[in-house]
Amino acid sequence: MIKNTIKRSLLCAAIVSTMGVNVAHAFGEKIYVGLDAGKAEAKKYCNNIANCDSSDASLRGEVGFQLNPNFAAELGYTSFGTLFKGEDNNVNAKQEANAWTVSALGAFPIAERFSLFGRLGMVKYDVTNTGVIQGVAVKNDNTIKPYFGLGGNFDLTENWTARAEYQIYTDISGVDGSKDNVNAWYLGGVYKF
């Protein structure tokens, strides 16, 4: 799953990079691409399950449009990896999840090269569940929910920015149909065309 996500993210970045130079000139050099890596966790998924893991490495790729120095819009793809893998007398199931996102970012400069930002957006989950709970096969789920994040940007150069962010993806379905938030930390970088 992670290998496929890395391949998809790199392919998207290559396509956007190839097209981005011409598109960026048309929009006054306001297009950017980013890639982030971190950890995602859904804590409630493992409640009352003896042998369980509810976190995994997570990757994000995004394409953004800087509207002005304080506001941007982003389209992104996130792989949460395997958010749930549990096994006991009643459960033998696994969940892999990813999401497409659209969001607005508001930045607040703190120093010449450092700013804090907030994110508010919508996420379309694609949840693949396999296995059984009490002998009943688990079902896949697709849904649209809000998500948000808080983070910081540090401008390394005119084109490169490092960023760290904490995100909360709300109400993703577990293998048993219950809902939980996915909490994720990311470190990454942005390239501005």
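## Concerning the overall build of the chain
- Regarding its fold elements, the chain presents one helix and ten strands.
- Across the chain, helices and strands are ordered from the amino to the carboxyl terminus as α-β-β-β-β-β-β-β-β-β-β.
- Taken across its 193 residues, the chain has 42% of its residues classed as buried.
- In the chain, once contacts between residues fewer than 6 apart in sequence are set aside, the share between residues at least 24 apart is 59%.

## Details of the confidence of the model for the chain
- When pLDDT is averaged along the chain, the result is 88; 85% of the residues meet or exceed 70.
- Here helix 1 (residues 2-26) stands out as the least confident element of the chain, with mean pLDDT 48; strand 1 (residues 31-41) is the most confident, with 98.
- Ignoring residues within four places in sequence, the model shows residues 16-28, a span with pLDDT below 50, making twelve contacts including any to other chains.

## Focus: the state of the cysteines
- Applying the stated criterion across every chain, the model contains one disulfide.
- Sulfur-sulfur distance for the disulfide between Cys46 and Cys52 comes to 1.9 Å. Disulfide Cys46-Cys52: torsion about the S-S bond near -75°, hence left-handed.
- Looking at Cys46, the relative accessible area reads 17%, which means it is buried.

## What about the side chain of Ser103?
- Structurally, the position occupied by Ser103 is in strand 5 (residues 91-109).
- In this structure Ser103 comes out as buried when scored by relative accessible area, which is 5%.
- Of note is the side chain of Ser103, whose polar atom sits 3.4 Å from the side chain of Tyr147.
- Setting aside chain neighbours within four positions, we find Ser103 in contact with Ala72, Ala73, Glu74, Arg119, Leu120, Gly121 and Tyr147.

## Re the packing of aromatic side chains
- Tallied over the full model, the rule gives seven aromatic pairs.
- Considering the side-chain rings of Tyr147 and Tyr169, the 4.9 Å spacing of their centres and the 10° angle between planes classify their relative orientation as stacked. With Tyr147 in strand 8 (residues 141-155) and Tyr169 in strand 9 (residues 160-173), the pair connects residues that are 22 residues apart, well separated along the chain.
- We classify Tyr147 as buried; its relative accessible area is 0%.
- With 5.2 Å between their ring centres and 90° between their planes, Tyr191 and Phe193 make a pair best called edge-to-face.
- Judged by its relative accessible area of 14%, Phe193 is buried.
- Taken together, the ring pairs connect Phe80, Tyr147 and Tyr169 into an aromatic cluster.
- One Lys or Arg, Arg60, reaches over the ring of Tyr186 and ends 5.9 Å from the middle of that ring.

## With respect to the pairing of strand 8
- Examined bridge by bridge, strand 6 (residues 114-133) and strand 8 share 14 bridges and lie antiparallel to one another. Residue pairing for strand 8: Ser115 is matched across the bridge by Asn153.
- Relative to strand 9, strand 8 runs antiparallel, the two sharing nine bridges. By the bridge assignment, Asp155 is partnered in strand 9 with Thr161.
- Counting the residues that bridge the hairpin from strand 8 to strand 9 gives four residues.

Reading guide: rules and limits
Here the residue numbers are simple positions, counted from 1 along each chain's written sequence. Restriction of local features to residues with pLDDT of at least 70 applies here, the model being predicted, together with a cutoff of 80 or more for giving and counting side-chain atom pairs; totals for whole chains, interfaces and linings are based on all residues. Excluded from the side-chain calculation are hydrogens and water; included are all heavy atoms of the structure. Strands are runs of DSSP state E lasting at least 2 residues, helices are runs of H or I lasting at least 4, and numbering of each runs from the N terminus. Buried, partly exposed and exposed residues are distinguished by accessible area as a fraction of the type maximum, computed with a 1.4 Å probe on protein chains only: under 20%, between the cut-offs, and over 50%, respectively. Should any heavy atoms of two residues lie within 4.5 Å, those residues are counted as being in contact. A score between 0 and 100, pLDDT records how confident the predictor is in each residue. Only a pair of cysteine sulfur atoms within 2.5 Å counts as a disulfide in this structure description. In protein, a polar contact requires one atom able to donate a hydrogen and another able to accept it; more generally it is a pair of N or O atoms within 3.5 Å, and residues adjacent in sequence count only if both atoms are side-chain atoms. The rule is short: rings of Phe, Tyr and Trp, with Trp giving its six-membered ring, pair when the centres are within 6.5 Å, and they are stacked under 30 degrees, edge-to-face over 60, tilted in between. By definition, being over a ring means that NZ of Lys or CZ of Arg is both within 6 Å of the ring centre and within 35 degrees of the ring normal. At least two bridges found by DSSP between two strands is the condition for calling them paired.

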